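# Report on the structure
One letter stands for each residue in the lines below.
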Amino acid sequence: MRMFGFGAVFVAFCAICDADIQFPSYEDLISFDVRLLNPKPLSNVTNRLLELKSVVNQVHDVNFLKSLADSNGDTLKSSAEDGSVLFADKYNVSETCRDHWNRAFTALRANEYWALKMIDSSAKIESGVLDGNTKWLGSYDECFNLEVPVKHFNISSIETQFCFAHIPLKLAYIPLETDIGLCAPKACSQRDLMELYNELLGIVQSVIPTSNPIYASYVYCPEKPEIDTRAIVAISILGVFAALILISTTYDVVKQLLSRTDRSSMKTVPDQSVEISTGEKTPLLMDEKANMIKKEESILEKLLLSFSAYTNGKKLLQVNQSAGTLTALNGIRFLSISWVVLGHSYAFIMGEMSNSYSGYAMLSKRWSFQAVINALVSVDSFFALSGLLLSYLTLKEMKKGKGTFRINWFMFYFHRFWRLTPVYMIVLMISACLGRYFGDGPVWPKDGFERNFCKDTWWRNLLYINNLFNDDQCFGVSWYLANDMQFFILSPLMLVPLYFFYPVGIGICFVWLLGSAITPGVISNVLDLPPSTFGGGGSEQGRADYFNNYYIRPYCRIGPYIVGIIVGSLLYKTDCKVKINKFLNLLLWLIFATLAIVVLYGLHDPISHPDDILNRDVSALYNATHKIVWGACVCWVIFACATGNGGFVNTLLSWSPFVPLARLSYCIYLTHATVMYAFIYSQRTEFYMDDINAIYLFLGHLVLSTMTAFVASVAFEAPMMGLEKILLRRRQRR
């Protein structure tokens, strides 16, 4: 009976979290188990983990495996030569699977290189298990790169596959779900491998007793996905864009070169003339500018050129800005999106760290790490910026307009929808339809980065209502876009009164602002929510409710947007000309800097020390006010810089390289998550989090996300904006 377990000798143990289960949701990725910040060792947890380590390492001990093989050498030899059935009656293991396993063991007894490599590809449980090193990835590529000599056998060669045997473990507060990677012959089915593996586990546990049986509940063998219909459609759409961009860019470049050639061939001659019989002076060479008649481009030509990567890239990289531009916004936008990338760099890698239990507990005790823990407010910076810029520009446009309504409100909404949606839907399509083809590896999600390919939820994203549902989010980071669009739709309720009746408009804005503070405060108090995804208070159920019932809801996030609308209207009314006494200016900077520090670092003790957590009422007060306060701090920086009271801060934020980087901020937000997923889930080993690795991780994500965003902007965003400009101008002329 012991012979049955021999086949499972060639297992590559890689304990990964739910390898067979779908990709984790955005909520799962940014939600943190606060109990890990202050882990309390439990004896049963420690013993269980050490038992698992002992069993797994014994399975992969070469001497132990050889002793089992040698004790059944005759059986191996017989089955390898005449193909007699081995335990087929008991376990119904396929004959081909049985033969391949036994032939592998025959090679093991002979110390053949390829058989030893199969064992070598098995993961060994290393030190640091109690610090979170619970994902033993082994050597995924080595499992597939075995060269089995066909000459040894008179049947087909042995091919390998990478599977996962799920072992259920209950370890108190530690969220450990273990899946053991199996480097096994491809001839073995999932049921074959489960039987083989459980037999081996039983043999090992007969030698090393355990407090509770360790067994595999099922085995799953992922296969490389084939190109399906949704992928073909996505590739076809991208192919159309690629063709248009290639044709347009080629035409544009050739046209530019011909234009330069024409200009260089025309030489200007200074005032040369001859006397003719009438006494008139006739120039021999007319002035170039007077002689050249600019040929107007046709509509078709303009439409084609809107896809030119040359022109779009050139415009994108320009640093010149028109007069009256709020230049400080550029620096704030890029620094804010960098902050988002920094926060996600830590959050997304959390589940793939080898020191997750100790790493975050140590980091959370640092004051400096509060800037990462509270990176959530970086999104509130964007809400404040969006509201301020909308208010400032719309009120100026209404001043120029005529008629009762001043501006075309239909175009007001259409332009926003067209500005955001095409590139958003294309990036979502790439993530949902093509994401699973971007890589492979032991932790690579079999269905890509979106739950169920977004086939039942994509329409919510198109309508910008995905933040109003509690089930799995499609394209998780898009909750922000839904909120921003909803705030934009509601904005005329504040903008119109601000233009026609400014005092009344300010009063209406403050009523909205009061509601945006009361609502999240009441929700937080009723649900007993924590002040952060990292904890600091609240009940266990409250922490589970935090994301869906508070974090993504528009009535809990609109506060900074309203603050932005109010400050934008002040800039409009004052025409950005406000003189502030230097001492008052310094006092205001100190006040807002202090408030920003309180919001950013005020949760250090409640998060780091369980005895200092906030009570229900204080958590509710923090959730009600901190986003509004942060929005006010950001808006003060913009107001001070725009009115000439920013000093060196304005000089820094108005640095010219921030101009193109700020233009890319929207596409960076859209693409950065996919860039991170592709990196994290294609890893062959776990990531050890320390300061140096974190710096390289963040900078790598930021640079690659910026490069990807540049491609997305040039290929998808800029052409759509160009099409809108061409078609709408033509319509307006008519």
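Given the structure is predicted, the values throughout are model-derived calculations rather than measurements.

This brings us to the sheet that holds strand β1 (residues 160–167). Strands in a sheet are paired, the pairing made by backbone hydrogen bonds, and the direction either parallel or antiparallel. Spatially, three strands are ordered β2-β1-β3 in an open sheet, and the strand pairing comes out antiparallel. Looking at strand neighbours, the two that pair on one side only are β2 (178–185) and β3 (218–220), the edges of this open sheet. Between one strand axis and the next, the sheet turns through 30 degrees on average, direction left out of account. Two strands pair when backbone bridges link them, and β1 and β3 are joined in this way by three bridges, in the antiparallel orientation. Bridge pairing in β3 places Phe164 opposite Tyr220.

Along the chain, Phe698 falls in helix α32 (residues 691–733). Residue classification places Phe698 among the buried residues on the basis of a relative accessible area of 17%. C-alpha separation for the pair Phe698 and Ser338, spaced 360 residues apart in sequence, amounts to 8.9 Å. Once you skip the residues sitting within four places of it in the chain, Phe698 turns out to touch Ser338, Val341, Leu342 and Ser345.

All right, on to the nonpolar core then. The biggest cluster of nonpolar side chains holds 148 residues, and the ones touching the most others in it are Phe348, Tyr424, Trp479 and Met689. Setting aside residues up to four positions removed in sequence, Met689 forms contacts with Tyr346, Ile349, Met353, Asn355, Leu363, Ala694 and Leu697. By size, the runner-up hydrophobic cluster in this structure holds 45 residues, among which are Val59, Ala69, Trp114 and Ala123.

Our focus in this paragraph is the state of the cysteines. A full pass over the atoms with the stated rule returns four disulfides. Between Cys163 and Cys221 runs a disulfide, and the two sulfur atoms are separated by 2.0 Å. Between Cys163 and Cys221, the S-S torsion sits near 105 degrees, and that sign places the bridge as right-handed. Of this pair, Cys163 sits in strand β1 while Cys221 sits in the loop between β3 and α10 (229–265), placing them 58 residues apart in sequence. Note on Cys163: relative accessible area 0%, which makes it buried. The buried category is assigned to Cys221, whose relative accessible area is 10%. Disulfide partner of Cys454: Cys474, at an S-S distance of 2.1 Å. The sign of the S-S torsion, about 105 degrees, decides the handedness of the disulfide formed by Cys454 and Cys474: right-handed. Highlighted residues: Cys454 in the loop between α18 (409–434) and α19 (458–462) and Cys474 in the loop between α19 and α20 (479–490), separated in sequence by 20 residues.

Chain-level pLDDT for the chain is 84 on average; 84% of the residues reach the 70-or-more range. pLDDT under 50 marks residues 1–21. Its contacts with residues more than four places away, or in other chains, come to 112 contacts. pLDDT under 50 marks residues 76–89. Its contacts with residues more than four places away, or in other chains, come to 27 contacts.

Calculation rules
Residues numbered from 1 in each chain as written. Predicted model: local features only at pLDDT ≥ 70, side-chain atom pairs only at ≥ 80, totals over all residues. Heavy atoms only, no water. Pairing = 2+ DSSP bridges. Helix = DSSP H or I, 4+ residues; strand = E, 2+ residues; numbered from the N terminus. Axes fitted to C-alpha atoms, helices over the stretch in contact; angles between N-to-C directions. Buried < 20%, exposed > 50% of the residue type's maximum accessible area, 1.4 Å probe, protein only. Contact = heavy atoms within 4.5 Å. Core = buried A, V, L, I, M, F, W, Y, C linked by side-chain atoms within 4.5 Å. Disulfide = S-S within 2.5 Å. pLDDT = per-residue confidence, 0-100.

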